[in-house]
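# Commentary on secondary and tertiary structure
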Amino acid sequence: MFHSSKLKSFLFRGREGFKHVHHGFPCKYKHTYRLVATDLDGTFMKDMNAPPWLQAPSLRNAAAARRLIDNGVYFVPISGRMTPCMEPLMDSVCEKSTEHSKIYVAGYNGGCVVGPSDTGSSREVVISNTIPEDATAQAISFCKKHDLLVKVYHLDENGNAGLTSCGDFHYDTEQAEFFARCGEYPYDADHQNAKVSLNDELRELYRSCPYFRTRLDTFDVDAIAAMKPFKLVALTNEPAKMMALAAQELSDPPQWTLIQGYFWFEFMPPGVNKGTGLGALAEKLGLSLEDCVAFGDSFNDIEMLEQAGLGIAMANAGPEVKKAAKYVSEFTNEEDGVGREIARLLEAGALTRPA
């Protein structure tokens, strides 16, 4: 791992390909990269004081993504967000509808990928992973036992993004503020304490959230299991403790992957995370993870940063995330870090279209 703010580097081409040199320490590029994947919140997106559905990438980041598309390099947004709700974000990246048709969008932490159909005339789900019904029932029962608020990410009967909340969840109670703190941003510099207060303006924004489809006042285990969720998010002030307790109390071998957040933890389908999701997409495209560049800032980006050929953590990432990356940008998401790093890679000739 190296920090661009502290190390001088330059790139040059030799018979062995590109090399990245830092104070005389060579790190060879085995080959040039053909796919760029980026997390959204805290990485590609700006204005973390706004709810997710009101955020947008900066002009620099959007322009960098368009340069990738124009150069034939795959551009893949990959997020914990719902896949259907990521599609409209691409309108701020793509100037032409033909560009949007070329983009693969990976939601639910890599559990579901939407991209061009085989004919290229439409978009379709190309990778899909859901939690088994019996595993969902166990996870919901655990959350009910420990009085955790839960968000269930699924598709509704019409194939639209569904987000069902269950537990004692009301916007005019202290738990509404807890949800705002747990589920959204911003965090302080150490990613420990949220700085969100539920004033009237924010409360109204959350009431207007387009993602909320239904709310269950009780934990209907059978109904939730039948939704075939892509992921379950349990909100808690003690995510590490509760995640460890879930691993201890629930089935062995586990039927899900547990991912820690800052004020929550997630139940994902078995073996699914952003790293495996990116790997599955790369394989579908005839590439390997070594061909991929990945950008991230949070816990759920760790596997992707570790497994990609070049994992780049943002300057605003937490220490665990920076440790997992091969490179730490000197720029934060608010400073257009993704756009700046893509520009560097393009200028170095380190990104090229697949053969």
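Attention shifts here to the overall build of the protein chain. Within the protein chain, the regular secondary structure consists of 13 helices and 17 strands. Per-residue burial over the protein chain gives 56% buried out of 355 residues. Considering only residue pairs separated by 6 or more positions, the protein chain has 59% of its internal contacts joining residues 24 or more positions apart.

Take the sheet that holds strand 15 (residues 292-296) next. Spatial ordering of the open sheet is given by 5-4-15-16-17, a layout of 5 strands whose pairing is parallel. Edge strands, defined here as strands with exactly one partner in the open sheet, are strand 5 (74-77) and strand 17 (327-328). Relative to strand 15, strand 4 (residues 35-38) is paired through 4 bridges, and the arrangement is parallel. In the strand pairing of strand 15, A37 is matched with A294.

All right, on to the pairing of strand 13 (residues 257-260) then. Only one face of strand 13 is buried, namely the one carrying T257 and I259, since none of L258 and Q260 on the opposite face is buried. Taken together, the 4 bridges between strand 13 and strand 14 (residues 264-268) define a ladder with antiparallel strand orientation. Note that in strand 14 the partner of I259 across the bridge is E266. Hairpin connection, strand 13 to strand 14: the antiparallel pair is bridged by 3 residues.

Glancing now at the pattern of salt bridges. A full pass over the atoms with the stated rule returns 11 salt bridges. The shortest N-O distance in the salt bridge between D39 and K274 comes to 2.9 Å. Separated by 235 residues along the polypeptide, D39 in the loop between strand 4 and helix 1 (40-44) and K274 in helix 10 (residues 274-284) bring together distant segments of the chain. Here the two residues D39 and K274 agree in accessibility, since each one is buried.

Below, the discussion takes up the side chain of S58. Tracing the backbone shows S58 in the loop between helix 1 and helix 2 (59-70). With residues near it in sequence (within four places) discarded, S58 still touches F44, K46 and D336.

Once that is clear, we can look at unusual backbone geometry. Trans peptide bonds make up most of the peptide bonds, and negative phi angles are found at most residues other than glycine. The phi dihedral of N109 is positive, around 60°, even though this residue is not glycine. Within the secondary structure, N109 is located in the loop between strand 6 (105-107) and strand 7 (112-116).

Now for the packing of helix 2 against helix 13 (residues 337-347). Contact geometry of helix 2 with helix 13 gives a least axis separation of 8 Å together with a crossing angle of 35°. You can see that helix 2 and helix 13 cross each other, and the crossing is left-handed. Residues R60, N61, A64, R67 and L68 of helix 2 lie in contact with helix 13, whose contacting residues are V338, G339, R340, I342, A343 and L346. Looking at side-chain class alone, the contact of helix 2 with helix 13 contains 6 nonpolar, 2 polar and 3 charged residues.

Calculation criteria
- Residues numbered from 1 in each chain as written.
- Predicted model: local features only at pLDDT ≥ 70, side-chain atom pairs only at ≥ 80, totals over all residues.
- Heavy atoms only, no water.
- Helix = DSSP H or I, 4+ residues; strand = E, 2+ residues; numbered from the N terminus.
- Buried < 20%, exposed > 50% of the residue type's maximum accessible area, 1.4 Å probe, protein only.
- Contact = heavy atoms within 4.5 Å.
- Pairing = 2+ DSSP bridges.
- Salt bridge = Lys/Arg side-chain N within 4 Å of Asp/Glu carboxyl O.
- Axes fitted to C-alpha atoms, helices over the stretch in contact; angles between N-to-C directions.
- Left-handed = near helix turned anticlockwise from the far one by under 90°.
- Nonpolar A, V, L, I, M, F, W, Y, C, P; charged D, E, K, R; others polar.

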